[in-house]
Amino acid sequence: MRTVLVMNLTGIVLYGLYFLVKKIFGSRLSHKWYYIILRIDLIAFLIPLNQLGAVYRDLWRSAKDLLGIYRLDTTLYTPKSKLMFMDGNTVRLSYGAKLELIAFICYLCIAAGITLYYIIRSGKERQVFRDIKKMDIQLRDPEFDNIKTLLGIKRKVRLISCGNEAQIATTGIFKPIVFYCESEASLTEAEASARKRFILMHELIHVKRLDVFWIELSRLANTFFFFNPVVFILRKELEAICELSCDEAVLKGAAPENKKTYAHILIDSAVGADKNL
């Protein structure tokens, strides 16, 4: 349980640094760097860094001395030897150790329940995409292959036709699939070509950066630290910055007229999503 709390504190500290950096630099720093910082923060939430426990303990002691707090204490960093005592020839748990064990069991039960919820939810999402794959056909598109080569993506990525624009998405970590549909709007050939290239570029950047993996990892962190609202905020921020950094990568070096076309694509996607709610 102490390891969980140390991981929790480390993630909170790093998210605080992210928030500070964002407030200081704002739009002067690209979304690419914000996305990198958030992924580092996410890793900090999930990797046990027990060595930092001693740092937090020293900071706590310094804070107590500074504030004059002498009676208030914490068992967070109590040495393990104090959690047990000898009763004759029997080793028994101390009262604090029993409370910690009960708290850890409750934590595991709640985390297991949330994990089950995400498994069911992910199963329903995958079922939707499986249904689309059954109804529609796999596409072979030279433009898709050209963009893959341009981005340096060597692994196999399938392109599947979907029913409407609201279903355009990327799914799969090990076997990525891009769902794409042609626009129903009356566009000129040049506009349709630009739209297609931008959408495929956007989705393939998600594939290259393994964004589906990072989103799923943020859900895992949300499961482990269900008691911490910072993790929920981190997950929502990660999803938003992920999309913004992807848009930024797509538009890098683009001409003004192409940026206008991409803006229309984003608006059309948002409108399409609202209609399907």
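What comes next concerns the included structure. (Residues numbered from 1 in each chain as written. Predicted model: local features only at pLDDT ≥ 70, side-chain atom pairs only at ≥ 80, totals over all residues. Heavy atoms only, no water.)

1. Here's the deal with the pattern of salt bridges
Test applied: Take a side-chain nitrogen of Lys or Arg and a carboxyl oxygen of Asp or Glu: if they are within 4 Å of each other, that pair is a salt bridge. Strands are runs of DSSP state E lasting at least two residues, helices are runs of H or I lasting at least four, and both sets are numbered from the N terminus onward. Burial here depends on accessible area, computed with a 1.4 Å probe over protein chains only, as a share of the maximum for the residue type. Under 20% is buried, over 50% is exposed, and the range in between is partly exposed.
Per the stated rule, a full pass over the model turns up five salt bridges. A salt bridge links Glu-237 to Lys-22, with the nearest nitrogen and oxygen atoms 2.5 Å apart. One end of the pair, Glu-237, is in helix α8 (residues 229-250); the other, Lys-22, is in helix α1 (residues 2-25), and 215 residues separate them in sequence. With a relative accessible area of 17%, Glu-237 lands in the buried category.

2. Remarks on the sheet that holds strand β5 (residues 177-180)
Across a sheet, strands are paired by hydrogen bonds formed along the backbone, either parallel or antiparallel in direction. Which entries qualify depends on this criterion: Whether two strands pair comes down to DSSP finding at least two bridges between them. The axes used here are C-alpha line fits, helices contributing only the stretch in contact, and every angle between their N-to-C directions lies in the interval 0 to 180 degrees. Contacts are assigned to residue pairs that have any heavy atoms within 4.5 Å of one another.
Judged by pairing direction, the sheet is mixed, and its three strands sit side by side in the order β3-β5-β4 without closing on themselves. Looking along the sheet, the strands with just one partner apiece sit at the ends: β3 (158-161) and β4 (169-171). Neighbouring strand axes in the sheet, compared pairwise and without regard to direction, differ in orientation by 25 degrees on average. Sheet analysis places β4 next to β5, joined by three bridges and oriented antiparallel. Within the sheet, the bridge partner assigned to Ala-169 lies in β5 and is Phe-179. Helix-sheet contacts for helix α6 (residues 189-208) involve β3, β4 and β5, and the interaxial angle to β5 is about 155 degrees.

3. Describing the packing of aromatic side chains
This is how it is decided: A pair of aromatic rings is counted whenever rings of Phe, Tyr or Trp (Trp by its six-membered ring) have centres within 6.5 Å, and the orientation is called stacked for planes under 30 degrees apart, edge-to-face for over 60 and tilted otherwise. The criterion for a charge sitting over a ring is simple: Lys NZ or Arg CZ within 6 Å of the ring centre, and within 35 degrees of the ring normal.
All chains considered together, the criterion is met by seven aromatic pairs. Ring plane angle 85 degrees and centroid distance 5.9 Å describe the contact between Tyr-18 and Tyr-34, whose orientation is recorded as edge-to-face. In this pair, Tyr-18 sits in helix α1 while Tyr-34 sits in helix α2 (residues 31-46), placing the two residues 16 residues apart along the sequence. With respect to burial, Tyr-18 and Tyr-34 carry one shared label: buried. Judged by centre distance (5.5 Å) and plane angle (85 degrees), the ring pair of Phe-226 and Phe-227 falls under edge-to-face. Note on Phe-226: relative accessible area 27%, which makes it partly exposed. Overall, Phe-227 belongs to the partly exposed group, its relative accessible area being 35%. Members of the aromatic cluster, joined through ring pairs, are Phe-45, Phe-225, Phe-226 and Phe-227. Against the face of Trp-33 rests Lys-32, its NZ or CZ located 5.7 Å from the ring centre.

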